[in-house]
Amino acid sequence: QVQLVESGGGLVEAGGSLRLSCAGSGGTFSNRAMGWFRQAPGKEREFVARITRSTVIGYTWTGGSTYYADSVKGRFTISRDNAKNTVYLQMNSLKPEDTAVYYCAAAQDPYGSSRLSAFDFWGLGTQVTVSS
């Protein structure tokens, strides 16, 4: 049974930082793109960031290519640790408008996209609240 479990959410003041983690089990995710999405109250779930599968260049594994929503570019960083089956989202310079439930997702293929339909496994989410 594939499971994704998010952690690291909480309450933080504007300008602060949080690091979200997403631990996968019941499968291997190294060949899948992984993504983070968020959903604020009364709004639709939206894309935040994704990272493609890791690749080898010479003798060095890369972490994969990363893509971000314009609203978080320059503030958030997605990364992955395939040995731990874990994906991270480092969030800096948080704003009240970043308040939402954050969801981790595993894509159907190595590259994914910003579309929800490209992801077929989802975690239950972790709440992030940014106070002004």
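Keep in mind that this is a model prediction, so the values were computed, not measured.

S.K.: What is the right way to read the state of the cysteines from this model?
M.R.: Disulfide: a covalent bond connecting the sulfur atoms of a pair of cysteines. Counted according to the given criterion, the structure contains one disulfide. Residue cysteine 22 pairs covalently with cysteine 104 via a disulfide, S to S 2.0 Å. Between cysteine 22 and cysteine 104 the sulfur-sulfur dihedral comes to about -75°; the bridge is accordingly left-handed. Of this pair, cysteine 22 sits in strand β3 (residues 18-25) while cysteine 104 sits in strand β11 (residues 100-107), and the two are 82 residues apart along the sequence. For the residue pair cysteine 22 and cysteine 104, the accessibility class agrees, reading buried in each case.

S.K.: What's the story with the packing of aromatic side chains in this structure? I'm lost.
M.R.: Where two aromatic rings form a pair, the distance of their centres and the angle of their planes describe that pair. Scanning the entire structure with this criterion turns up four aromatic pairs. Their ring planes at 80° and their centres at 5.1 Å tell us that phenylalanine 37 and phenylalanine 119 sit as a pair that is edge-to-face. Here phenylalanine 37 is found in strand β4 (residues 34-39), whereas its partner phenylalanine 119 is found in strand β12 (residues 119-122), with 82 residues between them in sequence. The burial state of phenylalanine 37 is the same as that of phenylalanine 119; both residues are buried. With 5.0 Å between their ring centres and 55° between their planes, phenylalanine 37 and tryptophan 122 make a pair best called tilted. Separated by 85 residues along the polypeptide, phenylalanine 37 in strand β4 and tryptophan 122 in strand β12 bring together distant segments of the chain. Note on phenylalanine 37: relative accessible area 0%, which makes it buried.

S.K.: I would appreciate a short explanation of the sheet that holds β3 in the present structure.
M.R.: Within a sheet, each strand pairs with its neighbour through backbone hydrogen bonds, oriented either parallel or antiparallel. Across the sheet, four strands lie side by side as β1-β3-β10-β9; this open sheet has antiparallel pairing. The sheet is open, and its two edges are formed by β1 (3-7) and β9 (76-81), each paired on a single side. Across the sheet, the mean angle from the axis of one strand to that of its neighbour is 15°, orientation sign disregarded. Taken together, the six bridges between β9 and strand β10 (residues 86-91) define a ladder with antiparallel strand orientation. Residue pairing across strands places isoleucine 78 opposite leucine 89, the latter belonging to β10.

S.K.: Help me out: how do you make sense of unusual backbone geometry in this one?
M.R.: Among all residues except glycine, the phi angle is most often negative; among peptide bonds, the trans geometry is most common. Although it is not a glycine, asparagine 85 sits at a positive phi angle of roughly 55°. In this fold, asparagine 85 is placed in the loop between β9 and β10. With a phi close to 50°, serine 93 is a non-glycine residue in the positive phi region. With respect to the element layout, serine 93 can be found in the loop between β10 and β11. Serine 93 gets classed as partly exposed once you look at its relative accessible area, which sits at 39%.

Procedures and definitions
Residues numbered from 1 in each chain as written. Predicted model: local features only at pLDDT ≥ 70, side-chain atom pairs only at ≥ 80, totals over all residues. Heavy atoms only, no water. Disulfide = S-S within 2.5 Å. Helix = DSSP H or I, 4+ residues; strand = E, 2+ residues; numbered from the N terminus. Buried < 20%, exposed > 50% of the residue type's maximum accessible area, 1.4 Å probe, protein only. Phe/Tyr/Trp six-rings, centres within 6.5 Å; stacked < 30°, edge-to-face > 60°. Pairing = 2+ DSSP bridges. Axes fitted to C-alpha atoms, helices over the stretch in contact; angles between N-to-C directions.

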